[in-house]
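Each chain, letter by letter, is given below.
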Amino acid sequence: MTTPIPPAPARDKLLFTPGPLTTSLSVKQAMLHDAGSWHFEFSQLIRTLREQILALAELPAGGGWETVLMQGSGTFGVESVIGSVIPPAGKLLVLINGAYGERIAQMAGALKIPHVALRFPEHEPPSIPAVSQALAADPSIRHVAAVHCETTTGILNPLAGIGREVKRHGCVFIVDAISSFGAIPIDLESAGIDFLVSSANKCLEGVPGFSFIIARRERLLETEGWARSLSLDLLGQWQGFQKNGQFRYTPPTHSLLAFAQALAELNQEGGIPARGERYRANHSLLLNGMRAMGFHPFLSPEWQSFIITAFHFPAQPAFRFPEFYRLLSEAGLIIYPGKLTQVDTFRIGTIGRLFPADIRQLLMAIRETLGELGCPAPVLSPAAL
Ligand SMILES: *Cc1c(COP(=O)(O)O)cnc(C)c1O
């Protein structure tokens, strides 16, 4: 007896989340191959992808920058950097205004790396004077880690301002740009970034399976012998690519094939500026429609990115999030719970293979769902859509 496999739904649910994200059909189809990793074509693919990532960051090949691909989701990439680039006697400053900054401090804890966690309110970016003060107060801190778009709230942290302080104190700057790279231009040179981490399945719209690190070569090469892990050894991984063009251990072959297609589609769309524009259109449509239905965003507009938006629960006592979530899910639309520590919020992501038409569909479904829950919202005027 074989167990029948349930039929796939005609269309996957749309993911209005911080990841995993909706991808195009052609990106999924690119995975329908069993690529042998030792094949020369595959080494060529890896080389091309590493070069394309540098080009996306507008860094010239051979200009002192390297790309390292790392198996695992974005978190593995961040942990690879944290565990590899801080010397045995080093100390790390972690800037925290949400769950992903908190995760970096957790990594430092797990890896027994001395660190200072500098916490800021979740609705505000890190204060630059506070960063400066922390660095001045403890000269043993030589490394600083920050999150670019803190996906907990969608807040966009000011990399250039933080980076200036980090460099003024001669420190190494590590940036988690997992949710922003590919949609928001990042000038690594001017922001003083030494290690930037992102992943295949956020704004680049590939499928999950690996992360990548853009590293200043000089900073990377000095880390020999510092890694606290074998499989997440950043320099070791880079040396593997240099030696034979290969991942050291089984590569995420399907995910790499999908990524090549995803980069081609990014290019067709018009690169990072065009992708950013699509996400911005998604976000502003969402915000207008949600406001028209009486929802309030958690962040003030000056810090809000177009990546993901946190909304307060509506004031109506009849609103129950689990029911709201379930009804939307039944309509094929997946939103995301909040991750804030103090207030009740839920989140709606506007990245991935989503278009304004998808946002309109979501807004209409939210209005209908509110009615079913007994918290009716005003009819959405064409102007709000
Ligand atoms: C998604 C995300 C991560 C974690 O990535 P995973 O792929 O879930 O491991 C880390 N940092 C930020 C800012 C993110 O948005």
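**Student:** Looking at this structure, how should I read the overall build of the chain?
**Tutor:** Helix and strand counts for the chain come out as 12 helices and 14 strands. Counting the 385 residues in the chain, one finds 56% classified as buried. Seen as two clouds, the 31 positive and the 32 negative side-chain charges of the chain have centres 1 Å apart.

**Student:** What exactly am I supposed to notice about the packing of aromatic side chains here?
**Tutor:** To describe a pair of aromatic rings, one takes the distance between the centres and the angle between the planes. Evaluated as defined, the whole model comprises 17 aromatic pairs. Ring geometry for Phe241 against Phe247: centres 5.1 Å apart, planes inclined by 80°, an arrangement best described as edge-to-face. When sorted by exposure, Phe241 lands in the same class as Phe247, which is buried. Summarising the aromatic geometry, the rings of Phe321 and Phe324 are spaced 6.4 Å apart at their centres and angled 55° between planes, so their arrangement reads as tilted. Highlighted residues: Phe321 and Phe324, both in helix H11 (residues 321–330), separated by 3 residues, approximately one helical turn. Of the two residues, Phe321 and Phe324, neither departs from the other in class, the shared state being buried.

**Student:** Explanation requested: the sheet that holds strand S11 (residues 308–312) in the structure shown.
**Tutor:** Hydrogen bonds along the backbone pair up the strands of a sheet, which may run parallel or antiparallel. Strand order across the open sheet formed by 3 strands is S11-S14-S13, with antiparallel pairing between neighbours. The open sheet is flanked by S11 and strand S13 (336–337), the only strands paired with a single partner. Relative to strand S14 (residues 345–349), S13 runs antiparallel, the two being bridged by 2 bridges. In the strand pairing of S14, Tyr336 is matched with Arg347.

**Student:** How should the pairing of strand S5 (residues 143–147) be read in this particular structure?
**Tutor:** Residues in a regular strand point their side chains to alternate faces of the sheet. Of all 5 residues making up S5, 5 are buried, and the element is well covered by its neighbours. Both faces of S5 are covered, namely the face carrying His143, Ala145 and Val147 and the face carrying Val144 and Ala146. The sheet contact formed by strand S3 (residues 92–96) and S5 spans 3 bridges and is parallel. Of the residues in S5, the one forming a bridge with Val94 is Ala145. Pairing of S5 with strand S8 (residues 172–176) involves 5 bridges; the strand directions are parallel. Within S8, the position partnered with Val144 by the bridge is Phe173.

**Student:** What is the right way to read the side chain of Ser199 from this model?
**Tutor:** With respect to the element layout, Ser199 can be found in strand S9 (residues 195–199). When its relative accessible area of 7% is taken as the criterion, Ser199 is described as buried. From its side chain, Ser199 meets the backbone nitrogen of Asn201 in a polar contact 3.3 Å long. If sequence neighbours within four positions are ignored, Ser199 has contacts with Gly74, Ile178, Leu204, Phe210, Ser211 and Phe212.

**Student:** Just checking my understanding: could you explain the domain arrangement of the chain for this structure?
**Tutor:** For interface size, the figure often reported is the accessible area lost on association. For the chain, the assigned domains are domain 1 (14–18 + 271–384) and domain 2 (26–267). Contacts between the two partners involve 25 residues from domain 1, matched on the other side by 27 residues from domain 2. When domain 1 packs against domain 2, close to 2,200 Å² is buried across both sides, 60% of that on carbon and sulfur atoms. Arg353 is paired through a salt bridge with Glu205; the nearest N and O atoms lie 3.3 Å apart. Examining the composition of the side of domain 1 that touches domain 2, we find that 6 residues originate from one element, helix H10 (residues 271–292), more than from any other. Here the residues of the side of domain 1 that touches domain 2 sort into 12 nonpolar, 8 polar and 5 charged.

**Student:** Whenever I open this one, the packing of helix H9 (residues 253–269) against H10 confuses me. Can you help?
**Tutor:** How two helices sit against one another is set out by the angle between their axes and by the gap between those axes. Between H9 and H10, whose axes approach to 7 Å, the crossing angle comes to 80°. Judged by the angle between their axes, H9 and H10 are roughly perpendicular. Packed against H9, whose contacting residues are Glu265, Leu266, Asn267 and Glu269, the element H10 presents Gly271, Ile272, Ala274, Arg275 and Arg278 at the interface. Taken together, the residues of the contact of H9 with H10 break down into 3 nonpolar, 2 polar and 4 charged.

**Student:** Even after reading the chapter, I still don't get the packing of helix H2 (residues 40–56) against helix H8 (residues 234–244), so can you show me in this structure?
**Tutor:** Where H2 contacts H8, the axes come no closer than 11 Å and their chain directions differ by 125°. The pairing of H2 with H8 is recorded here as oblique in orientation. The way H2 lies across H8 gives a crossing that is left-handed. Residues Ser43, Ile46 and Arg50 of H2 form the contact with H8, whose own contacting residues are Trp238, Phe241, Gln242 and Asn244. For the contact of H2 with H8, a count of residues per class yields 3 nonpolar, 3 polar and 1 charged.

**Student:** Help me out: how do you make sense of the nonpolar core in this one?
**Tutor:** Where a protein is soluble and globular, its nonpolar side chains tend to be buried together. Counting 78 residues, the largest nonpolar core has Ile82, Leu92, Phe181, Phe195 and Ile214 as its most contacted members. The element best represented in this core is H2, accounting for 7 residues. Apart from residues no more than four positions distant in its own chain, Ile214 is found in contact with Ile53, Leu54, Ala57, Leu59, Trp65, Glu66, Phe181, Leu188, Asp194, Phe195 and Leu196. In terms of nonpolar packing, the next biggest core, distinct from the first, is built from 30 residues, Leu14, Leu285, Leu327 and Cys375 among them.

Cut-offs applied
- Residues numbered from 1 in each chain as written.
- Predicted model: local features only at pLDDT ≥ 70, side-chain atom pairs only at ≥ 80, totals over all residues.
- Heavy atoms only, no water.
- Helix = DSSP H or I, 4+ residues; strand = E, 2+ residues; numbered from the N terminus.
- Buried < 20%, exposed > 50% of the residue type's maximum accessible area, 1.4 Å probe, protein only.
- Lys, Arg positive; Asp, Glu negative; His and termini not counted.
- Charge placed at Lys NZ, Arg CZ, Asp CG, Glu CD.
- Phe/Tyr/Trp six-rings, centres within 6.5 Å; stacked < 30°, edge-to-face > 60°.
- Pairing = 2+ DSSP bridges.
- Polar contact = N/O pair within 3.5 Å; in protein donor to acceptor, adjacent residues only side chain to side chain.
- Contact = heavy atoms within 4.5 Å.
- Domains from an automatic or database assignment.
- Buried area = accessible area lost by both parts, 1.4 Å probe.
- Salt bridge = Lys/Arg side-chain N within 4 Å of Asp/Glu carboxyl O.
- Nonpolar A, V, L, I, M, F, W, Y, C, P; charged D, E, K, R; others polar.
- Axes fitted to C-alpha atoms, helices over the stretch in contact; angles between N-to-C directions.
- Parallel < 35°, antiparallel > 145°, perpendicular 65-115°, else oblique.
- Left-handed = near helix turned anticlockwise from the far one by under 90°.
- Core = buried A, V, L, I, M, F, W, Y, C linked by side-chain atoms within 4.5 Å.

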